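Chain by chain, the residues run as shown.
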Amino acid sequence: MSHNPLIFSGNSNRALAEEIAKRLKLHVGKSLVDKFKNEETRIEIGENVRGSEVFVIQSICKSADGRIGVNDALMELLLMIDALRRASAARITAVIPYYGYAKQDKKTKGREPISAKVVANLLKITGVKRLVTMDLHAAQIQGFFDLPVDNLVAMPVLCNYLKNEDLCKDRIVVVSPDAGGVHRAELFAKRLESSLAIVFKRRPEPDVSEVTDIVGDVSGKIAVVVDDMISTGGTLAKAAEAIKARGATKVYTVATHGIFAGDAMRVLEDSEIERVIVTNTIPFAAGEAYTKFVQLSIAQTFADTISRITTNRSVSALFDGEEGTTLPDAGPSEPAALQIASA
Ligand code: R5P
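Caption draft 1: Representation of the nonpolar core within the structure. Judged by nonpolar contacts, the single largest core of 43 residues is most densely connected at Ile20, Phe188 and Ile277. A total of six residues in this core trace back to one element, the largest contributor, which is helix H4 (residues 155-164). Shared between two domains, this core holds at least three residues of each, these being domain 1 (6-153 + 298-330) and domain 2 (156-280). In this view, Ile277 contacts Leu158, Tyr161, Leu162, Tyr252, Thr253, Val254, Ala255, Val294 and Leu296; residues no more than four positions away in its chain are not counted.

Rendered as structure tokens:
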């Protein structure tokens with residue numbers, strides 16, 4: 001198998017794929033990823049891939065311009081993998097910075113699908129040999145695959161940003177916005193050498209959240225609420241309101257995946273939150289009307305991971321700080337260019 005990896009990308013987050021390729025001193029391979037007139041997805045790989053190690057980069061999310069929906073993104077990914085397998089690629093790795101459908105990872109009531117498992121089955125059937133993703137909504141989704149799964153974390157990049165802004169130590173309290181996020185918040189609190197608080201929320205119906213209680217002291221501190229994803233923005237907006245009411249001086253929020261469904265950006269812009277910090281696993285376009293949003297790049301984390309997979313080196317060492325690596329702890333190398341707006 002050739003040691004020079006080939007990178008391909010669909011249309012959901014092409015900017016990220018190009019940034020990853022650039023950091024690897026590669027280019028995104030030629031391919032036609034389009035639609036037929038009847039709206040079915042049309043794929044043609046434009047380069048020889050025979051015997052090659054191939055990485056297909058595609059988040060399962062809508063594109064920034066809204067032309068590609070979540071389901072289009074999934075279909076593009078599956079058909080690209082199928083085309084590459086039939087063109088005799090030696091090994092295909094799906095690089096899915098944001099693994100969509102992950103919230104539906106179990107039956108919560110009768111007659112519901114387990115959509116995250118369906119996506120895993122589809123990837124397996126099309127011929128994926130390995131998955132690289134980031135901050136899966138539930139780490140157990142790794143078990144839906146009988147393949148190697150690298151579930152990367154954005155925490156080092158996010159924490160570096162917070163430390164650079166002096167949002168650490170006893171100036172802040174790290175807050176989990178729900179019981180499910182306590183472990184993640186504990187890791188952030190440890191890394192930022194700060195205390196921890198927990199918001200308890202309930203969901204009376206899907207996509208609606210209510211705060212029921214807060215455990216821990218937030219009074220007189222800057223609260224940094226950490227979550228894996230922002231969808232409607234309701235969880236963070238409501239948490240910020242409750243935290244402020246308990247005496248926090250300011251509220252910052254960090255999350256890996258900024259989905260920003262519907263009017264989420266407006267909800268967050270109008271909320272008590274000072275700044276909304278996300279990564280570029282999902283693209284988004286913030287107009288001038290939005291002043292609170294900061295997007296950090298995790299391209300280097302993915303580039304390093306691809307490089308290590310290709311050369312059979314440890315991926316987890318990236319996060320242990322072994323082998324003298326400075327990445328991803330070095331954080332975004334071009335934060336200014338990527339910062340969409342900050343308060
Ligand atoms: C919940 O388990 C997740 O970690 C997020 O808190 C949730 O998905 C955010 O959703 P929304 O922004 O719609 O409240």
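Caption draft 2: Layout of the packing of H4 against helix H5 (residues 182-192). Their axes nearest at 11 Å, the elements H4 and H5 cross at an angle of 45°. Our classification of the angle between H4 and H5 gives oblique. Crossing angle aside, the handedness with which H4 passes H5 is right-handed. In this structure, H4 contributes Met155, Pro156, Leu158, Cys159, Leu162 and Lys163 to the contact, and H5 contributes Leu187, Phe188, Arg191 and Leu192. Its residues placed into classes, the contact of H4 with H5 shows eight nonpolar, no polar and two charged.

Caption draft 3: Inspection of the domain arrangement of the protein chain at higher detail. Once the domains are mapped, the protein chain shows domain 1 (6-153 + 298-330) and domain 2 (156-280). The distance between the C-alpha centroids of domain 1 and domain 2 comes to 28 Å. Summed over both partners, the interface of domain 1 with domain 2 buries about 1300 Å², with 49% contributed by carbon and sulfur atoms. Here domain 1 is connected to domain 2 by zero salt bridges. Linking domain 1 with domain 2 are seven residue pairs in polar contact (both at pLDDT 80 or more). For the side of domain 1 that touches domain 2, the elements supplying multiple residues, two or more each, are helix H1 (14-23) and helix H8 (299-310). Looking at side-chain class alone, the side of domain 1 that touches domain 2 contains ten nonpolar, three polar and four charged residues.

So, how was this worked out
Residues numbered from 1 in each chain as written. Predicted model: local features only at pLDDT ≥ 70, side-chain atom pairs only at ≥ 80, totals over all residues. Heavy atoms only, no water. Core = buried A, V, L, I, M, F, W, Y, C linked by side-chain atoms within 4.5 Å. Buried < 20%, exposed > 50% of the residue type's maximum accessible area, 1.4 Å probe, protein only. Helix = DSSP H or I, 4+ residues; strand = E, 2+ residues; numbered from the N terminus. Domains from an automatic or database assignment. Contact = heavy atoms within 4.5 Å. Axes fitted to C-alpha atoms, helices over the stretch in contact; angles between N-to-C directions. Parallel < 35°, antiparallel > 145°, perpendicular 65-115°, else oblique. Left-handed = near helix turned anticlockwise from the far one by under 90°. Nonpolar A, V, L, I, M, F, W, Y, C, P; charged D, E, K, R; others polar. Buried area = accessible area lost by both parts, 1.4 Å probe. Salt bridge = Lys/Arg side-chain N within 4 Å of Asp/Glu carboxyl O. Polar contact = N/O pair within 3.5 Å; in protein donor to acceptor, adjacent residues only side chain to side chain.

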